[in-house]
Amino acid sequence: MLSKVRYGILMGALSASLLAQAQDYLPILQYHHVSATTPRSTSLTEAEFTEHMNYLESAGFEVVGLRTALDKLRLGEALPDKAVAITFDDSYRDIYSGAFPILSERDYPFTVFINSEPVEELRGNALTWEQMKEMEQAGGVFANHTINHPYMLRKEEGESDEAWLSRMENEVDYVENLLTAELGHSPKMLAYPYGESNITLRNMLKEREIVGFGQQSGVVSADSDFQNLPRFPASGAYAKLSTLKTKLNSKPMPLISEKTGGDFATDKPVSINLTFKQGEYRLKDLACYISGQGKATLEWVSDTEVIATASKAFNTGRGRINCTMPDNSGRQYYWYSNVWIRTSAEQGYISEKS
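Fair warning: this is a prediction, and the values are worked out from it, not measured in the lab.

Asker: I keep staring at the overall build of the protein chain and nothing clicks. Help me out?
Answerer: For the protein chain, the helix and strand inventory stands at nine helices and 21 strands. In terms of overall dimensions, the protein chain is globule-like: its C-alpha atoms have a radius of gyration of 21 Å, near the 20 Å expected for 354 residues. If one aligns the C-alpha atoms of the protein chain with their principal axes, the spans along those axes are about 80 × 55 × 40 Å. Considering the protein chain as a whole, with its 354 residues, one finds that 49% of them fall into the buried category. Considering only intrachain contacts with a sequence separation of at least 6, the fraction spanning at least 24 residues in the protein chain is 65%. Roughly 16,800 Å² of accessible area belongs to the protein chain as shown, and the carbon and sulfur atoms make up 49% of that amount. For the protein chain, the distance from the average position of its 35 positive side-chain charges to the average position of its 46 negative side-chain charges is 7 Å.

Listed below in structure tokens is the structure:
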């Protein structure tokens, strides 16, 4: 028999080993259509989706329930090694016909953010409540994607800021109540349509204790903004497995702070100010890329603070900066992304102050 001392040593070593295998961050995959006949920009085929799921399985990833994993991160509890979560945006029926059989074969949990209008109108390309209930029995979770998928930051003609906010509150509250009425519960998570939000919307979700998700790429940690969490898009141009592998093996950028200048871009080039945590990082290998422009200019303010600046102003629409940095092993990358919106006068976006 083992002595108490030797037993304690062995158990301590085992605990240390398990802790080393644990993960304090979570990459989240974002899909839309799983079909060969839907718009390619938001789709991947069943064969491509199967390839993704086969890779997760063969590479030893553990697919986890999204809300449970997020709650653990916020509490400082470890996730399994190589934990990853799977999400879908919109209430497309091909999630049921194309993705669900592939997921259920592997017992993978997943989350679908539904916009309710197509469901309630019984559109032929939309999920039904019966299909959702069936998917729930196999690990599916259904969350909020608003009623009719609006650009949430755009005001209607003649609409006041107060009326806009009331309309957005209804977009959120109606679906929360509907999920509870039809499925018996809500996970209190919302994906912003088009990934667009501002501080007013994020505060509105925070007051309701709803976790919010954008469409900027990156990895979630306890330090993340839980009203604007990142996800990695995995459809269309991002469906290629070789690039997805890099994202799946990414870590959150080790930041103390980030300063972006707000949610809206102007006629001036955007810039971000990143301050890194103390530690041994390969800061000299940091690279930031501007959508449609190539590399950003990096200005090091100190050993741990950098300003990344675009070469020119963004065009109208959404623009982003993606920053990556290899870890000390060279086998994984730290990842950070931020999105700005460049508006035109006729689009009627809410002001930056709202």
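There is more to say, and it comes next.
Asker: What should I look at first to understand helix α4 (residues 94–106) in this one?
Answerer: An α-helix turns once per 3.6 residues; consequently, residues spaced three or four apart project the same way. Spanning 13 residues, α4 covers 18 Å between terminal C-alpha atoms, matching the ideal 18 Å at 1.5 Å per step. Check the buried side of α4 and you find it contacts β2 (33–34), α2 (46–58), β5 (83–89), β6 (110–114) and α6 (129–136). Of the residues flanking the end of α4, it is D107, one or two places downstream, whose phi is positive at about 60°.

Asker: Before we go on, may I ask you to explain the state of the cysteines in this structure?
Answerer: Here a disulfide denotes a covalent bond joining the sulfur atom of one cysteine to the sulfur atom of another. Taken as a whole, this structure holds one disulfide when the rule is applied. Paired by a disulfide, C288 and C323 hold their sulfur atoms 2.1 Å apart. Looking down the S-S bond of the C288 and C323 bridge, the torsion is 110°, so its handedness is right-handed. Highlighted residues: C288 in strand β16 (residues 287–290) and C323 in strand β20 (residues 317–326), separated in sequence by 35 residues. C323 carries the same exposure label as C288, and that label is buried.

Asker: Hey, could you run me through the confidence of the model for the protein chain in this one?
Answerer: Note that predicted coordinates carrying low pLDDT should not be read in detail. On average, residues of the protein chain carry a pLDDT of 92, and 92% of them reach 70 or more. Residue range residues 1–20 is modelled with pLDDT below 50. Its contacts to residues more than four positions away, or to other chains, number two contacts.

Asker: Just checking my understanding: could you explain the packing of α6 against helix α7 (residues 161–183) for this structure?
Answerer: Relative orientation and spacing of two packed helices are given, respectively, by the angle between their axes and the distance between those axes. Two elements in contact, α6 and α7, have axes separated by 11 Å at closest approach and are oriented at 75°. What the angle tells us is that α6 and α7 run roughly perpendicular. Taken together, the residues of α7 that come into contact with α6 (itself represented by W129, M132, K133 and E136) are L178, L179, E182 and L183. Class assignment of the residues belonging to the contact of α6 with α7 gives a composition of five nonpolar, no polar and three charged.

Asker: Looking at this model, I keep getting lost on the side chain of Q30. Mind explaining?
Answerer: Examined against the element boundaries, Q30 turns out to sit in strand β1 (residues 25–31). Residue Q30 is classed as buried on the basis of its relative accessible area, which comes to 4%. Side-chain polar atoms of Q30 contact the side chain of D89, separated by 3.0 Å. Those residues in contact with Q30 that sit more than four places away from it in its chain are T87, D89, Q215, R231, F232, P233, A234 and S235.

Asker: How should the pattern of salt bridges be read in this particular structure?
Answerer: Applying the stated criterion across every chain yields a total of 18 salt bridges. Notably, a salt bridge pairs R231 with D89, separated by 2.9 Å at the nearest N-O pair. Linking R231 in the loop between β10 (219–221) and β11 (232–233) with D89 in strand β5, this pair joins segments that are 142 residues apart in sequence. With a relative accessible area of 0%, R231 lands in the buried category. When the shortest N-O distance is used, the salt bridge between D161 and K155 registers 3.0 Å. Take D161: its relative accessible area is 29%, and that puts it in the partly exposed class. Residue K155 is classed as partly exposed on the basis of its relative accessible area of 27%.

Asker: Which parts of the structure should I look at to understand the environment of G158?
Answerer: Here G158 shows up in the loop between β7 (140–144) and α7. We classify G158 as exposed; its relative accessible area is 81%.

Asker: Just to check I follow, could you spell out the side chain of D90 for this structure?
Answerer: Inspection of the secondary structure assignment puts D90 in the loop between β5 and α4. Despite its burial, D90 pairs with no opposite charge; the closest candidate is R231, at 8.6 Å N-O. Discounting chain neighbours no more than four positions away, the residues touching D90 are H32, I95, V112, F113, I114, N115, H145 and H149.

Asker: Before we go on, may I ask you to explain unusual backbone geometry in this structure?
Answerer: Working note: non-glycine residues mostly have negative phi, and peptide bonds are mostly trans. Even without being glycine, T146 reaches a positive phi, approximately 75°. Among the secondary structure elements, T146 is positioned in the loop between β7 and α7. Using a relative accessible area of 0% as the deciding quantity, one classes T146 as buried. Not every positive phi belongs to a glycine, and K188 is a case in point at roughly 55°. With respect to the secondary-structure elements, K188 resides in the loop between α7 and β8 (189–191).

What counts and what doesn't
- Residues numbered from 1 in each chain as written.
- Predicted model: local features only at pLDDT ≥ 70, side-chain atom pairs only at ≥ 80, totals over all residues.
- Heavy atoms only, no water.
- Helix = DSSP H or I, 4+ residues; strand = E, 2+ residues; numbered from the N terminus.
- Rg over C-alpha atoms; globule rule 2.2 N^0.38 Å.
- Buried < 20%, exposed > 50% of the residue type's maximum accessible area, 1.4 Å probe, protein only.
- Contact = heavy atoms within 4.5 Å.
- Areas by Shrake-Rupley, 256 points an atom, 1.4 Å probe, with all protein chains shown as cover.
- Lys, Arg positive; Asp, Glu negative; His and termini not counted.
- Charge placed at Lys NZ, Arg CZ, Asp CG, Glu CD.
- Expected span 1.5 Å × (residues − 1).
- Disulfide = S-S within 2.5 Å.
- pLDDT = per-residue confidence, 0-100.
- Axes fitted to C-alpha atoms, helices over the stretch in contact; angles between N-to-C directions.
- Parallel < 35°, antiparallel > 145°, perpendicular 65-115°, else oblique.
- Nonpolar A, V, L, I, M, F, W, Y, C, P; charged D, E, K, R; others polar.
- Polar contact = N/O pair within 3.5 Å; in protein donor to acceptor, adjacent residues only side chain to side chain.
- Salt bridge = Lys/Arg side-chain N within 4 Å of Asp/Glu carboxyl O.

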